[in-house]
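Topology and contacts: notes
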Amino acid sequence: MIDRLGRDVHYLRLSVTERCNLRCRYCMPEAGICKKRHDEMLTEDEMIRAVEAAASLGFHKLRITGGEPLVKKNILSICRRAAAVAGIREVCLTTNGALLPDFARPLRETGVRRLNLSLDTLDADKYAYMTRRGSLSDALRGLDAALDAGFDRVKVNTVLIGGFNDGEIPALADLTRRFPVDVRFIELMPMYDGGDFGPEAYVPCSRVLELLPEAQPEPCDGGVAELYRLPGAMGRVGLIRPLSAHFCGDCTRLRLTADGHLRPCLHAPEGRSIKGLDFAAMRAAIEEAVLEKPAWHGVLTPERRSRAGRNMNEIGG
Ligand code: SAM
Ligand code: SF4
């Protein structure tokens, strides 16, 4: 669907849960989330209806996210049904990877074609610190399982955090030489007020290029990342710069949260709820949300917080 500014909005990011098995310090409070009532969340049928309504408006790419999507009991059924919706050409999923050793193959069989795995460090102690309860070995076993399961593409997402992982940029980028994966560095977005990282933790993506002078530019593949390749590498290094060079002019996305709110922009305040609506009303709400997409996300600097009003686990990233 084409929005008011001529952008082709065709990419739906569906969050299936706010819950997570980890507690990354930049994403979620240690105590977890204030649990919403079951009847406040979208049902599986409502999620699929929303995907069908979006597809009827020309959406053809779907990403399943969370919270951690693999903690959702009916995740395989959601993925299978979403992948079968007429018009949906590509289903991708974003995960922290801890449950992939069990889920990678069944997920691939549902029709999910691409996986993004979040990994912010290759140091076991730092991983345990950042996630508050995760284990690096689980995440790395998850990466292996993803590579074995035959996905079209596997990407590793790393949020840059000054003083935590900026010293690991070369080692993380080296994963593109060791495995057929893209590694994408993402600038830390100032989302969550109580998070452990303030403006001093922001590292612009330009730091990645300073540390990887041998990286050569590659053509863009239609996504939001600027792409580079290290000599001899199988995968590419990507830079995602929501702060230092926002990509709103090319934004193709609409978000739907697990509790049913449409978000025309990651950093805009809450959008309209589609909980309980029938197909026609959902379709109309999605159409309206696309037409309401703002031109850009507004001023977003390390010091100036996002207007999203939610933590990232409650939106989906
Ligand atoms: N649990 C899954 C995972 O970690 O991949 C999916 C949901 S998570 C909210 C989606 C992505 O958002 C992850 O790659 C995570 O690192 C990223 N993220 C969370 N908070 C962020 C922040 N403040 N700035 C930038 N990226 C963030
Ligand atoms: Fe969970 Fe993903 Fe947020 Fe980490 S980034 S707390 S894994 S939702």
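This report concerns the structure included in the present document. Note that the coordinates shown come from a computational prediction; the quantities given were computed from them, not determined experimentally. Once a new chain begins, its residue numbering starts again from 1 and follows that chain's sequence as written. Chain labels run from A onward and ligand labels from 1 onward, assigned in the order the entries are written. Totals for whole chains, interfaces and linings use every residue, but because this is a predicted model, local features are given only for residues with pLDDT of at least 70 and side-chain atom pairs only at 80 or more, for both listing and counting. Hydrogens and waters are ignored; side-chain quantities use all the structure's heavy atoms.

Section: the site of ligand 2
Close to ligand 2 lie Cys-20, Leu-22, Arg-23, Cys-24, Cys-27, Met-28, Gly-67 and Asn-96. Here the residues of the shell around ligand 2 sort into five nonpolar, two polar and one charged. Residues are classed as near a molecule or strand on a simple rule: at least one heavy atom within 4 Å of it. Lys, Arg, Asp and Glu make up the charged group, whereas Ala, Val, Leu, Ile, Met, Phe, Trp, Tyr, Cys and Pro make up the nonpolar group; the residues left over, Gly among them, are polar.

Section: the nonpolar core
Within soluble globular proteins, side chains that are nonpolar tend to cluster in buried spots. Core analysis: the largest hydrophobic core is formed by 75 residues, its most contacted members being Phe-59, Leu-62, Ile-64, Leu-93, Leu-107, Phe-185 and Leu-254. Considering every element that reaches this core, the biggest residue donor is helix H1 (residues 44-56), with seven residues. In plain words, nonpolar cores are sets of buried Ala, Val, Leu, Ile, Met, Phe, Trp, Tyr and Cys residues tied together by side-chain atoms within 4.5 Å. For the exposure calls, accessible area comes from a 1.4 Å probe over protein chains only, and a residue counts as buried if that area is under 20% of its type's maximum, exposed if over 50%, partly exposed in between. Counting 18 residues, the second-largest nonpolar core is a separate cluster that includes Ile-161, Leu-188, Leu-266 and Met-312. We count a stretch as a helix when DSSP gives it H or I for four or more residues in a row; a strand needs E for two or more, and each element gets its number in order from the N terminus.

What to know about the side chain of Glu-187
With respect to the helices and strands, the residue Glu-187 is situated in strand E6 (residues 182-187). Among buried Asp, Glu, Lys and Arg side chains, Glu-187 stands out as unpaired, with Arg-241 the closest opposite charge at 4.8 Å. Polar contacts here mean pairs of N or O atoms no more than 3.5 Å apart (in protein, one a potential hydrogen donor and the other a potential acceptor; neighbouring residues in sequence count only if both atoms are side-chain atoms). Within polar-contact distance, the side chain of Glu-187 engages the side chain of Ser-244 at 2.6 Å. Setting aside its immediate chain neighbours within four residues, Glu-187 contacts Tyr-202, Val-203, Pro-204, Cys-205, Ile-240, Arg-241, Pro-242, Leu-243 and Ser-244. When charges are counted, Lys and Arg contribute as positive and Asp and Glu as negative, whereas His and the chain ends are disregarded. By definition, a salt bridge exists where a carboxyl oxygen of Asp or Glu is found within 4 Å of a side-chain nitrogen of Lys or Arg. We call two residues in contact when some of their heavy atoms are within 4.5 Å.

A closer look at the side chain of Asn-116
One can find Asn-116 in strand E4 (residues 114-118). Other than its neighbours up to four places away in sequence, Asn-116 contacts Arg-63, Leu-93, Thr-94, Thr-95, Lys-155, Asn-157 and Arg-184.

Notes on the packing of H1 against helix H9 (residues 279-291)
Packing of H1 against H9 brings their axes to within 9 Å, and their N-to-C directions diverge by 60°. Here H1 is positioned oblique relative to H9, judged by the angle of their axes. Judged by the sense of rotation from one axis to the other, the crossing of H1 with H9 is right-handed. Of H9, the residues touching H1 (which contributes Glu-46, Arg-49, Ala-50, Glu-52, Ala-53, Ala-54 and Ser-56) are Phe-279, Met-282, Arg-283 and Ile-286. Tallied by class, residues from the contact of H1 with H9 come to six nonpolar, one polar and four charged. Axes here mean lines fitted to C-alpha atoms, for a helix over just the part in contact, with angles spanning 0 to 180 degrees between N-to-C directions. Just so you know how the angles are binned, under 35 degrees is roughly parallel, over 145 roughly antiparallel, 65 to 115 roughly perpendicular, and the rest oblique. Crossing handedness: left-handed means the near helix sits turned counterclockwise from the far one by under a right angle, and right-handed means the same turn made clockwise.

Observations concerning the site of ligand 1
The full set close to ligand 1 counts 17 residues, and Tyr-26, Gly-67, Thr-94, Ser-118 and Met-189 are the nearest of them. Measuring from an oxygen atom of ligand 1, one finds a side-chain N or O atom of Tyr-26 at 3.0 Å. One nitrogen or oxygen atom from the main chain of Gly-67 is found 3.0 Å from a nitrogen atom belonging to ligand 1. Summarising the interface, the protein chains cover 94% of the accessible area of ligand 1, which totals 550 Å² for the free molecule. Each accessible area value is a Shrake-Rupley result obtained with a 1.4 Å probe; residue values ignore everything except the protein chains displayed when judging cover.

Take it as geometry only, folks, not as evidence of what the structure does.
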